[in-house]
Amino acid sequence: MTGVLCCSAEKKSSSWLPLILCICVAEMALGQVRYSIPEEMATGSVVGNIVQDLGLDVKRLKSGRARIFTEDGSEYIGLNVEKGTLVVAKRIDREELCKQVSPCSLHFQIILEKPMELHRIDVEITDINDNAPFFPKKEYNFQVIESASPGARYSLESARDPDVAHNTIQTYKLNPTDYFKLNVVSRPDGTKYIEMILHTSLDREKQEEHKLTLTAFDGGNPQKSGSVKINVVVLDANDNAPVFNQAVYRVTVSENAPRGTVILTVSATDNDKGGNEEIMYSFSQHTDSASSLFDIDPHSGEMTVIGVLDYEKAKHYEIDLEATDKGGLADACKVLIEVTDQNDNAPIISIISLSNPIPEDSAPDTVIAMLNIKDLDSGKNGQVKCLISADLPFKIKSSSTNFYSLMSDDVLDRETVSEYNITIIAMDEGSPPYSSNKTINLRISDVNDHAPMFPRPLMTAFITENNSPGMSLISVKATDKDSGNNARISYFLEDTQLNGMSASAYFSVHAESGEILAVRSFDYEQTKEFHVRVKAQDGGSPPLSSNVSVKIMIQDQNDNPPQVLYPVQTGGSLVAEMVPRSADVGYLVTKVVAVDVDSGQNAWLSYKLQKATDRALFEVGLQNGEIRTIRQVTDKDAVKQRLTVIVEDNGQPSRSATVIVNVAVADSFPEVLSEFTDFPHDKEYNDNLTFYLVLALAVVSFLFITCLVVIISVKIYRWRRERLFYKSNGNLPVIPYYPPLYADVGGTGTLKPAFSYEVYGTTDSRKSDIKCSRPFSQSTLSVDHSATRTVPRHKAESENILIEQKPPNNDWRFTQGQRPGPSGATGGPEVAMGTGPWPQPPTEAEQLQALMAAANEVSEATATLGPGTMGLSTRYSPQFTLQHVPDYRQNVYIPGSTATLTSNPQQQQATAQQATQQALPPPQASAQPEPPKAAQTPASKKKSTKKEKK
């Protein structure tokens, strides 16, 4: 059994068409229902009542757990179990769901359980006109050359409409149709396409672009449409040459325009289009000079500055330009460029002459510098004004065009300002103005216009008395505001009178440092202060000076001990103070009065009892020096009391003086005399006396040591000189020595060469002796000490010797005036020739003089004395000198004998007559008298008396 159910529904809205719902229900084992609904129904809209259409009830749906099953899983349709209806679950778009397929249906199954049932449901989605026609592109562009022939076809893309049937595209329309028309062509498959046909010739120069509109319409109700723009560009053909819009371009450019500045844009037009209208701009071939300063863009025609423009170098430029299209067609024009002046040059300041430094006493309007100021610009830009700071004592004055003078405008003072930095500013009148400046460092030279100044008019210095000369007191320092030699200060001490003497006798001033020095040592007790004036003088010309008063205060020093005024200490008399035995405690015995010439604490005196016969009896007042008794005087106290009081000052270190006070404890004056008659007079030795004694002892010791050193030096000197004479080998004159009773045997004035002999001499020639040794023939000669005979060891030889000996002649004797001795020592008339004591030994000066004389006459002495000479012992030679011998070549004196040897013939004849009358003196005559004893001194007398007592 088959039944069909058709349902229709109409929406209230006028925009919706009446919908007819037809439901066909087939009664079969498996139920199948088909519904038809329009697209775009609202969600929740009822599609159909499935309970009624399938003959089911709601309980069955619930118990069978009815549900919808779709093969693709789509959920466009939903099941309402409570009501048993199918509803729209979500938006349904037919175009999205089925595209262009028609009809468009949804297929799903409703499944029931207990028992299992399967019902197929088909829902057809019908189309509504919900889409307007549209073109794939918003705009179509076509290029058509202007030379195209009419009838040319240009295909167009068809419009699209997702709807189907009569809701899709039905017709097209083109607007405007002056040059083009629309043609719709049907293909064999039924599809259509459209094309645009040119029916009128194009002219690009008239209209280079055509704008058309193509519209597509569908068949829906209401009708919908879609349109697209078509741009037809007419392509040019090169049938026109470029043309400049001006034959001559005039432009003004500022100098110093920055590089890249656009000064002009030239323009040429070409009626052609496309490549034919592209114009290239360039300089003509004969414009090379400007190519380094300007450049032109070949496409835009912009002229830019690429170099540096300078109005002062070039004011005008003329340039030829060309415009050329790609077809080779060209046009030319001329560009005139005028360069305008800009204020781009600052004034230039040049110093022609400059006086630096200038003296500070320069008068106003003194020319300091000459300036030249110029500006390379022109007009107002080149007009310059010059100025300096108004607070400087200078001014600028124009002397001529571009020349200026820098002059002083006020009095200068180097001590206030020693140098000026003068900034000269030159400014032009351009807009904006340019300026430049130059700074002159002007130094002000010094003029000696300031005297040295001391910080204070009065200065005070202190110095302690007993200072050492040259001690520094104070340094005075003056300042001078000038400089150089004008500030070089020298210090001088003004020659004033101080205590009747010149100030330079007390003080001196260092000329450079101003240090005041003490010339002498000062004594506070004589002068307590000095007032001197020091002058400070600079080195200017003429020099300036100033003075300062210096007050020099002498400070006291504890250099004076106290002086005791009472009691007076006398050396010859004894003064004693009497104290009656009835004196009570505190009895004033006497008062020690002392003064100290120092001042201050150095003059504060204190009195102390240093020693006393009885300390328990007296005391001394510490400040007043009063001696008082401290207990009652008794009969047991000694009459004679001796007190030693020391007086000390308060100086550092302190000085003191002592005074001895003799006190007699007695009631009557005779008692005092009896006790003080044998009062010992103690002598107090002064410290100065001890010092002098020690000094005298040191001097005596020094003199003793000096004498000892001198004696040793003389002995060494003599020993060395004797060795010198000993080594001389007879070159010095030697005085032959003949012992008494020995005569010249060979007639040559010498003994036989067979004998050797020695002579011993002392400082006292009266004790000299001679010793004869044995001859070289081993015989010994003995000499009798009595000088009467000789005893030989071998008789024969000794007898011959005695026979051969001759007595000395009288010519061997010296007269008394010729005897050696001190200068001027002569015997009196009562002394007989050949008698008398040997004279006193010569001094060392006389010995040295004689030795030097002997050395100068060596040759003469040896010639006179003959070949055989007899050497004296070195022991005797320093003592026996030849100074007192008038001529040692004529007279030779033999020590120990009164004989005199002479070589003068005349004297020999004179003495020969006397020889017969005189005999040799007796042996006793040669005896040597004892030397006189030295006079006894008081010290020797004491020693002798002591020995006698012992």
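Per chain, residues are indexed from 1 in the order of the written sequence. Per-residue local features are limited, in this predicted model, to residues with pLDDT of at least 70; the limit for side-chain atom pairs, both in listing and counting, is 80 or more; totals at the level of whole chains, interfaces and linings are taken over all residues. Each side-chain value is derived from all of the structure's non-hydrogen atoms; neither hydrogens nor water enter the calculation.

## A look at the overall build of the protein chain
Piece 1. Helix and strand content of the protein chain: 10 helices and 57 strands.
Piece 2. Residue burial in the protein chain is summarised as follows: out of 950 residues, 36% are buried.
Piece 3. Between two residues, a contact is recorded if the distance between any of their heavy atoms is within 4.5 Å. The contacts in the protein chain between residues at least 6 apart in sequence include a share of 65% that link residues at least 24 apart.
Piece 4. Note on areas: these come from Shrake-Rupley sampling with a 1.4 Å probe, and a residue is covered only by the protein chains present in the view. Of the accessible surface of the protein chain, which amounts to about 55,100 Å², a share of 53% is contributed by carbon and sulfur atoms. Elements are defined by DSSP. Helices are runs of H or I of four residues or more, strands are runs of E of two residues or more, and each kind is numbered from the N terminus. Exposure classes here rest on a 1.4 Å probe applied to the protein chains alone. A residue is buried below 20% of its type maximum, exposed above 50%, and partly exposed in between.

## A few points about the state of the cysteines
Such a bond, covalent and formed between the sulfur atoms of two cysteines, is termed a disulfide.
Piece 1. For the purposes of this analysis, a disulfide is any pair of cysteine sulfur atoms at a distance within 2.5 Å. Tallying each qualifying case throughout the model produces 1 disulfide.
Piece 2. The disulfide bridge from cysteine 98 ends at cysteine 104, spanning 1.7 Å between sulfur atoms. In this structure, the disulfide formed by cysteine 98 and cysteine 104 twists by about 60° around the S-S bond and is classed as right-handed.
Piece 3. When its relative accessible area of 2% is taken as the criterion, cysteine 104 is described as buried.

## Considerations on the sheet that holds strand 41 (residues 529-537)
Piece 1. For two strands to pair, DSSP has to find at least two bridges joining them. Ordered by their spatial adjacency, 4 strands build an open sheet running 34-42-41-36, and the pairing between neighbours is mixed. On the outer flanks of this sheet lie strand 34 (458-464) and strand 36 (490-493), each paired with one strand and no other. On average, adjacent strands in this sheet sit at an angle of 30° to one another, irrespective of strand direction.
Piece 2. Across 4 bridges, strand 36 lies against strand 41 in antiparallel orientation. When the sheet's bridge partners are listed, tyrosine 491 is paired in strand 41 with alanine 536. Structural elements are reduced to axes, namely lines fitted to C-alpha atoms, with helices fitted over the stretch in contact, and the angle between N-to-C directions of any two is expressed from 0 to 180 degrees.

## Let's talk about the nonpolar core
Piece 1. Counting 28 residues, the largest nonpolar core has Phe294, Met303, Val335 and Ile337 as the members making the most contacts within it.
Piece 2. Mapped onto this core, the elements with two or more residues apiece are strand 18 (248-254), strand 19 (262-265), strand 21 (279-283), strand 22 (294-296), strand 23 (302-305), strand 24 (316-325) and strand 25 (330-340).
Piece 3. Among all residues touching methionine 303, those that are not within four sequence positions of it are Thr261, Val262, Ile263, Leu264, Phe283, Phe294, Asp295, Ile296, Ile319, Leu321, Val335 and Ile337.
Piece 4. Membership of the second largest hydrophobic core comes to 27 residues, among which are Ile474, Val534, Val550 and Ile552. Side-chain atoms within 4.5 Å link the members of a nonpolar core, which is a set of buried Ala, Val, Leu, Ile, Met, Phe, Trp, Tyr and Cys residues.

## Topic: the pattern of salt bridges
Piece 1. Whenever Lys or Arg places a side-chain nitrogen within 4 Å of a carboxyl oxygen from Asp or Glu, that contact is recorded as a salt bridge. This structure, assessed with the given rule, holds 27 salt bridges.
Piece 2. For glutamate 648, the salt bridge is made with lysine 608, and the minimal N-O distance between the two is 3.9 Å. Of this pair, glutamate 648 sits in strand 50 (residues 640-649) while lysine 608 sits in strand 47 (residues 605-612), and the two are 40 residues apart along the sequence.
Piece 3. The class of glutamate 648 is partly exposed, set by a relative accessible area of 22%.
Piece 4. The partly exposed category is assigned to lysine 608, whose relative accessible area is 42%.
Piece 5. Of the charged contacts, one joins arginine 631 and aspartate 614 as a salt bridge, the two residues approaching to 2.7 Å between their closest N and O atoms.

## Considering the confidence of the model for the protein chain
Piece 1. Summarising the model, the protein chain shows a mean pLDDT of 75, and 70% of its residues fall at 70 or more.
Piece 2. A score between 0 and 100, pLDDT records how confident the predictor is in each residue. For the stretch residues 1-29, pLDDT sits under 50, and the model shows 47 contacts to residues farther than four places along the chain or on other chains.
Piece 3. In this model residues 857-950 is a low-confidence stretch, pLDDT under 50, and it forms 148 contacts with partners more than four residues away in sequence or in other chains.

## Some thoughts on a nonpolar patch on the surface
Piece 1. On the surface, Phe691, Tyr692, Leu695, Val699, Phe702 and Leu703 cluster together into a nonpolar patch covering about 640 Å² of accessible area.
Piece 2. Looking at where leucine 695 falls in the secondary structure, it is placed in helix 5 (residues 687-726). Residues forming no salt bridge and having over 30% relative accessible area are the ones grouped into patches, like charges within 9 Å of each other and nonpolar side chains (Val, Leu, Ile, Met, Phe, Trp, Tyr) within 5 Å.

## So, the environment of asparagine 345
Piece 1. With respect to the secondary-structure elements, asparagine 345 resides in the loop between strand 25 and strand 26 (348-354).
Piece 2. C-alpha separation for the pair asparagine 345 and asparagine 381, spaced 36 residues apart in sequence, amounts to 8.3 Å.
Piece 3. Ignoring sequence-local partners within four residues, the contact set of asparagine 345 consists of Glu312, Asp375, Leu376, Asp377, Asp428 and Tyr434.
Piece 4. Polar contacts involving the side chain of asparagine 345 include one to the side chain of aspartate 344, which spans 2.9 Å.
Piece 5. Each polar contact in these results corresponds to two N or O atoms within 3.5 Å; when the atoms are within protein, one needs to be able to donate a hydrogen and the other to accept it, and residues that are neighboring in sequence are counted only if both atoms are side-chain atoms. At 2.7 Å, the side chain of asparagine 345 and the side chain of aspartate 377 are in polar contact.

## Concerning the sheet that holds strand 48 (residues 618-620)
Neighbouring strands of a sheet are bound in pairs by backbone hydrogen bonds; such pairs are parallel or else antiparallel.
Piece 1. The 3 strands are arranged 45-49-48 in an open sheet whose pairing can be described as antiparallel. Pairing within the sheet leaves two strands with one partner each, and these edge strands are strand 45 (588-591) and strand 48. Averaged over all neighbouring strand pairs, the angle between strand axes comes to 20°, with direction disregarded.
Piece 2. With 3 bridges joining them, strand 48 and strand 49 (residues 626-629) adopt antiparallel strand pairing. The partner of valine 620 across the bridge, within strand 49, is isoleucine 627.

## Quick notes on the side chain of asparagine 381
Piece 1. Of note, asparagine 381 is situated in the loop between strand 28 (367-374) and strand 29 (384-387).
Piece 2. The class for asparagine 381 is buried, based on a relative accessible area of 13%.
Piece 3. Every residue in contact with asparagine 381, bar those within four places of it in the chain, is listed here: Asp341, Gln342, Asn343, Asp375, Asp428, Gly430 and Ser431.

## Remarks on the environment of valine 620
Piece 1. Structurally, valine 620 is set in strand 48.
Piece 2. Linking valine 620 and leucine 643, residues 23 residues apart in sequence, is a C-alpha distance of 9.9 Å.
Piece 3. Valine 620 has contacts with Tyr607, Leu609, Gly625, Glu626, Ile627 and Val645, leaving out every residue within four places of it along the chain.

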